[in-house]
Amino acid sequence: METPLTRNILPGKSPPDLPRYEKAGGYVALRKALRMAPEAVTAVVKESNLRGRGGAGFPTAQKWSFVPMGDDAPHPKYIICNADEMEPGTFKDRLLLEGDPHQLIEGMIVSAYAVQADVGYIFLRWAYKLAAQRLEQAIAEAYRKGYLGRNILGSEYSLELHLHVSAGRYMCGEETALLNALEGKRANPRAKPPYPQVSGLWGKPTIVNNVETLCNVPHIVNYGAAWFKNLSHGTDGGTKLYGVSGKVKKPGLWELPMGTTVREILEEHAGGMRDGYRFRGLLPGGASTDFIVADQLDVAMDFDSMQAAGSRLGTGTMIVLDDKTCPVGMLHNLEHFFAQESCGWCTPCWSGLSWVEQILQGMEEGNGQASDLERLQSHVRLLGPGHTFCALAPGAAEPLQSGLKYFGDDFDRHIREKRCPWRGR
Amino acid sequence: MLSEQERSEIQAESQHYPNNRALCIEALKIVQQHRGWVSDEGIADVAEALGMTCVELESVATFYNMIFRKPVGKHVILLCDSVSCWIMGYERLREHLGVRLGIGLGETSADGCFTLLPNVCLGACDHAPAMMIGGNHYQDLDPARIDEILAKYQKEEREEEREPADGNTTDA
Ligand SMILES: Cc1cc2nc3c(=O)[nH]c(=O)nc-3n(C[C@H](O)[C@H](O)[C@H](O)COP(=O)(O)O)c2cc1C
Ligand code: SF4
Ligand code: FES
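Please read these numbers as outputs of a predicted model, since none were measured by experiment.

### Overview of the overall build of chain B
Consideration 1: A count of helices and strands for chain B gives 7 helices and 4 strands.
Consideration 2: Listing each helix as α and each strand as β along chain B from the N terminus yields α-α-α-α-β-α-α-β-β-β-α.
Consideration 3: Looking at chain B residue by residue over its 172 residues, the buried ones come to 48%.
Consideration 4: Once local pairs closer than 6 in sequence are excluded, the contacts in chain B between residues at least 24 apart make up 57%.
Consideration 5: Roughly 8,300 Å² of accessible area belongs to chain B as shown, and the carbon and sulfur atoms make up 48% of that amount.
Consideration 6: The average position of the 15 basic charges and that of the 29 acidic charges among the side chains of chain B differ by 3 Å.

### Here we look at the side chain of Arg51(A)
Residues and elements named next belong to chain A.
Consideration 1: If you trace the backbone, Arg 51 turns up in the loop between α3 (38–47) and α4 (60–65).
Consideration 2: Overall, Arg 51 belongs to the buried group, its relative accessible area being 16%.
Consideration 3: Here the side chain of Arg 51 touches Asp 236 through a polar contact of 3.2 Å, side chain to side chain.

### Digging into the interface of chain B and chain A
Consideration 1: Contacts between chain B and chain A engage 40 residues on the former and 54 residues on the latter.
Consideration 2: Across the chain B/chain A interface, buried area totals approximately 3,700 Å², and carbon plus sulfur atoms make up 58% of it.
Consideration 3: For the interface between chain B and chain A, the tally reads 1 salt bridge.
Consideration 4: Residue Glu91(B) is joined to Arg423(A) by a salt bridge in which the shortest nitrogen-to-oxygen separation is 2.9 Å.
Consideration 5: At the boundary of chain B with chain A, the tally comes to 18 residue pairs in polar contact (both at pLDDT 80 or more).
Consideration 6: For the side of chain B that touches chain A, the secondary-structure elements that each account for two or more residues are α2 (24–35), α4 (54–61) and α5 (83–87) of chain B.
Consideration 7: Split by residue class, the side of chain B that touches chain A holds 21 nonpolar, 13 polar and 6 charged.

### Examining the environment of Trp227(A)
Residues and elements named next belong to chain A.
Consideration 1: Along the chain, the position of Trp 227 falls in helix α10 (residues 225–231).
Consideration 2: Judged by its relative accessible area of 16%, Trp 227 falls in the buried class.
Consideration 3: Residues Trp 227 and Gly 386, spaced 159 residues apart in sequence, show a C-alpha to C-alpha distance of 39 Å.
Consideration 4: A polar contact of 3.0 Å, which involves the side chain of Trp 227, links it to the side chain of Glu 2.

### Quick look at the site of ligand 2
Consideration 1: Around ligand 2 sit 13 residues in total, of which Cys343(A), Trp345(A), Cys346(A), Cys349(A) and Cys390(A) are the nearest.
Consideration 2: For the shell around ligand 2, a count of residues per class yields 10 nonpolar, 3 polar and no charged.

### Points about the sheet that holds strand β7 (residues 279–283) of chain A
Residues and elements named next belong to chain A.
Consideration 1: Across the sheet, 4 strands lie side by side as β6-β5-β8-β7; this open sheet has mixed pairing. Each edge of the open sheet carries a strand with a single partner, namely β6 (252–257) and β7. Direction aside, neighbouring strands of the sheet carry axes that sit 30° apart on average.
Consideration 2: The pairing of strand β5 (residues 239–245) with strand β8 (residues 317–322) spans 3 bridges and is parallel. Residue pairing across strands places Ser 245 opposite Ile 319, the latter belonging to β8.

### Quick look at the packing of helix α14 (residues 347–364) of chain A against helix α17 (residues 408–417) of chain A
Consideration 1: The contact between α14(A) and α17(A) brings their axes to 9 Å, and the two run at 65°. Taking contact as the criterion, the partners of Leu360(A), Met363(A) and Glu364(A) in α14(A) are, on α17(A), Phe411(A), His414(A) and Ile415(A).

### Overview of the site of ligand 1
Residue and element names in this part refer to chain A.
Consideration 1: Lining the immediate environment of ligand 1, one finds 18 residues, of which Gly 54, Lys 63, Asn 209, Asn 210 and Thr 213 sit closest.
Consideration 2: One of the side-chain nitrogen or oxygen atoms of Thr 213 is found 2.7 Å away from an oxygen atom of ligand 1.
Consideration 3: Isolated, ligand 1 exposes 610 Å² of accessible area, and the fraction of that covered by the protein chains is 89%.
Consideration 4: Among the elements that line the shell around ligand 1, the one with the most residues is strand β4 (residues 206–210), at 3 residues.

### A look at helix α15 (residues 372–383) of chain A
Residue and element names in this part refer to chain A.
Consideration 1: If you check α15, its first and last C-alpha atoms are 16 Å apart, about what 12 residues at 1.5 Å a residue would give, namely 16 Å.
Consideration 2: The complete set of buried residues in α15 reads Asp 372, Leu 376, His 379, Val 380 and Leu 383. The buried residues of α15 occupy one face: seen down the axis, they fall within an arc of 105°. In this structure, α15 carries Glu 374 and Arg 381 as exposed residues pointing more than 90 degrees from its buried face.
Consideration 3: Among the structural elements, α14, α16 (392–406) and α17 are those in contact with the buried residues of α15.

### A short note on the domain arrangement of chain B
Consideration 1: Per the domain assignment, the segments of chain B are domain 1 (4–63) and domain 2 (75–162).
Consideration 2: The straight-line distance from the C-alpha centre of domain 1 of chain B to that of domain 2 of chain B is 29 Å.

### A look at the nonpolar core
Consideration 1: Core analysis: the largest hydrophobic core is formed by 171 residues, its most contacted members being Leu104(A), Ile122(A), Met330(A) and Tyr64(B).
Consideration 2: Looking at which element gives the most residues to this core, the answer is helix α6 (residues 101–115) of chain A, with 9 residues.
Consideration 3: Built from parts of two domains, this core gets at least three residues from each of domain 1 (4–63) and domain 2 (75–162) of chain B.
Consideration 4: With residues near it in sequence (within four places) discarded, Leu104(A) still touches Cys81(A), Leu97(A), Ile122(A), Leu135(A), Val211(A), Leu214(A) and Cys215(A).

### With respect to the pattern of salt bridges
For side chains of opposite charge, pairing can occur when their charged atoms come near one another.
Residue and element names in this part refer to chain A.
Consideration 1: Summed over all chains, the structure comprises 34 salt bridges over all chains.
Consideration 2: Across the pair Glu 212 and Lys 240 runs a salt bridge, and its minimum N-O distance is 2.9 Å. Of the two residues, Glu 212 sits in helix α9 (residues 211–223) while Lys 240 sits in strand β5, which places them 28 residues apart along the sequence. When sorted by exposure, Glu 212 lands in the same class as Lys 240, which is buried.
Consideration 3: Of the charged contacts in the structure, one is a salt bridge between Arg 263 and Asp 298, with a shortest N-O distance of 2.8 Å. Highlighted residues: Arg 263 in helix α11 (residues 262–269) and Asp 298 in the loop between β7 and α12 (303–308), separated in sequence by 35 residues.
Consideration 4: Among the residues examined, Asp 298 registers a relative accessible area of 54% and is labelled exposed.
Consideration 5: Each of Lys 92, Asp 93, Glu 212 and Lys 240 takes part in a single network of salt bridges with overlapping partners.

### A short note on the packing of aromatic side chains
Consideration 1: Going through the model one piece at a time under the given rule, you end up with 17 aromatic pairs over all chains.
Consideration 2: Plain terms: the ring middles of Tyr27(A) and Tyr147(A) are 3.9 Å apart, the flat faces sit at 5° to each other, and that makes the pair stacked. Taken together, the residues span a long stretch of sequence, with Tyr27(A) in the loop between α1 (18–23) and α2 (28–34) and Tyr147(A) in the loop between α7 (129–144) and β3 (160–165) at a distance of 120 residues.
Consideration 3: Overall, the relative accessible area of 0% leaves Tyr27(A) in the buried class.
Consideration 4: Ring-pair connections join several aromatic residues into one group, and the members of that group are Tyr78(A), Tyr121(A), Trp202(A) and Tyr17(B).
Consideration 5: When the ring centre of Trp126(A) is taken as reference, the NZ or CZ atom of Arg125(A) above it lies at 5.8 Å.
Consideration 6: Positioned over the ring face of Tyr128(A) is Arg125(A), at 5.5 Å from the centre of the ring.

Reading the values: the criteria
- Residues numbered from 1 in each chain as written.
- Chains lettered and ligands numbered in written order.
- Predicted model: local features only at pLDDT ≥ 70, side-chain atom pairs only at ≥ 80, totals over all residues.
- Heavy atoms only, no water.
- Helix = DSSP H or I, 4+ residues; strand = E, 2+ residues; numbered from the N terminus.
- Buried < 20%, exposed > 50% of the residue type's maximum accessible area, 1.4 Å probe, protein only.
- Contact = heavy atoms within 4.5 Å.
- Areas by Shrake-Rupley, 256 points an atom, 1.4 Å probe, with all protein chains shown as cover.
- Lys, Arg positive; Asp, Glu negative; His and termini not counted.
- Charge placed at Lys NZ, Arg CZ, Asp CG, Glu CD.
- Polar contact = N/O pair within 3.5 Å; in protein donor to acceptor, adjacent residues only side chain to side chain.
- Buried area = accessible area lost by both parts, 1.4 Å probe.
- Salt bridge = Lys/Arg side-chain N within 4 Å of Asp/Glu carboxyl O.
- Nonpolar A, V, L, I, M, F, W, Y, C, P; charged D, E, K, R; others polar.
- Near = heavy atom within 4 Å.
- Pairing = 2+ DSSP bridges.
- Axes fitted to C-alpha atoms, helices over the stretch in contact; angles between N-to-C directions.
- Expected span 1.5 Å × (residues − 1).
- Arc of directions from axis to C-beta.
- Domains from an automatic or database assignment.
- Core = buried A, V, L, I, M, F, W, Y, C linked by side-chain atoms within 4.5 Å.
- Phe/Tyr/Trp six-rings, centres within 6.5 Å; stacked < 30°, edge-to-face > 60°.
- Lys NZ or Arg CZ within 6 Å of the ring centre and 35° of its normal.

What follows is the structure, encoded as structure tokens:
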């Protein structure tokens with residue numbers, strides 16, 4: 001089984017420096033890309049069916065194709081790597097950032113070339129200190145070797161690349177809020193249209209892609225679209241970093257074919273539940289995805305299959321709920337997070353989420369009312385798509401609506417017994 | 001006023017951004033790095049240096065979690081309170097830290113040594129529960145491990161007291 005994204009990453013070892021990265025075939029894709037027309041690079045990425053790994057699964061080449069090209073295109077154009085990774089339960093980009101920084105940098109240069117970007121930023125969350133250090137070092141190495149800067153490898157193409165370390169807020173990961181954060185403003189999202197590809201950072205054409213998305217690009221350019229599609233078990237191309245946290249025997253992160261089943265990831269790679277714990281459900285791709293439960297374990301972890309199962313692939317890092325953990329308490333924890341991180345721009349989100357948080361807290365404390373369930377259901381509706389400016393609120397509604405659906409008995413018990421049955425009060 | 005050091009660090013960062021406004025978060029971080037937190041004076045200093053109003057800068061400073069607008073202890077403990085850590089025992093750790101340090105979330109210990117803050121997911125969910133102190137990540141935590149880590153910081157603290165500040169202390 002091929003694992004292109006993690007082949008240079010050895011547990012406990014420092015990442016490859018430039019000479020080692022080159023020896024392993026690094027920067028060959030960049031040389032190859034520079035001999036291609038920019039549109040040809042986009043074409044091979046399109047052919048590969050690469051879809052964004054940041055959560056929404058938008059086809060990468062399609063995103064790039066909205067960027068104005070040619071002599072009349074506005075400049076500077078920007079490319080941004082979204083390395084904010086603050087989705088609870090998500091720890092995949094960190095591995096790529098710490099484990100093989102040159103892979104990301106090469107991915108950014110090749111992608112930047114495809115849209116003819118002039119300046120790139122890596123938008124990194126502050127908590128990833130080691131990643132910051134390693135990226136700084138790798139960027140400096142790449143400049144010294146002529147992979148960055150003016151006239152890359154003697155070509156006509158030039159790119160400046162900078163690291164921006166965020167001052168922290170979940171909202172910064174939303175791509176238009178991220179643009180505001182980079183401009184030194186509050187990270188509220190922007191109205192779309194105009195889309196960032198046309199009018200983004202400082203009003204110039206900008207693409208924002210996730211770390212894992214960009215890391216795939218050099219391999220696609222090197223080995224071709226057919227190879228990439230073959231890595232996957234389904235129609236979306238490539239491998240995927242899948243993770244598991246919670247009370248399983250071996251929590252961790254693995255690069256596997258896109259479309260590996262939930263069961264294989266949970267039972268084979270994560271070793272199944274710890275002794276004495278039973279499986280109740282899981283959030284397949286971070287905090288803002290719908291629960292899936294025991295009879296859905298044979299679903300493939302890819303974008304379309306997860307959607308058909310009523311959830312989303314999201315970030316592909318699952319959070320497991322066991323039978324000794326209170327589902328209402330878990331939802332309280334999740335909705336507390338969303339309420340805290342709401343940027344305050346729209347009422348259903350900032351006001352609604354604090355209501356939701358209070359209702360769940362009341363239930364946990366033994367003050368649940370029969371009418372609470374209806375109130376939670378109405379918030380699910382109000383938080384849903386179409387009522388708010390960005391996807392934070394709909395994301396917050398996903399675990400809540402599916403939690404109400406699958407763990408209704410647990411909600412009822414809280415209300416009936418006037419206590420949390422898990423806390424032994 | 002900004003110190004020479006602060007000024008030159010901000011200057012170095014300015015090469016990465018096309019205008020002063022974009023530099024403001026970076027500048028706030030630099031001031032915080034040197035002064036421990038961002039006071040009203042810190043806001044005024046940065047605003048003046050970048051040609052922004054204090055109100056404008058304040059609205060940015062208060063938005064971001066890692067800009068501290070209140071004084072903090074020497075070491076800030078960021079305890080992850082997100083979902084995977086919650087499942088793996090966050091509440092027990094919070095109580096344990098509270099007892100050991102005599103403080104609740106958002107508070108600073110009487111000796112000024114530690115501030116305890118809750119924090120969103122630290123990206124260590126497969127090694128939950130997790131926390132950070134300064135730039136260091138600590139994971140797979142339980143109360144015993146917390147005691148070891150606190151003891152290490154407290155020992156350093158005592159050693160520093162014995163050799164009064166000549167600025168040569170190193171971070172662990
Ligand atoms: C509240 C919120 C937070 C987000 N956080 C991240 C993040 O940390 N990293 C990320 O890549 N995408 C995040 N996204 C998705 C981005 O808006 C965007 O879709 C993504 O970066 C696009 O990259 P991709 O096409 O390569 O997936 C977030 C979205 C929302 C609504
Ligand atoms: S949905 Fe929430 S986070 Fe998104 S813009 Fe509205 S208030 Fe802000
Ligand atoms: S939930 Fe605590 S590190 Fe991710």
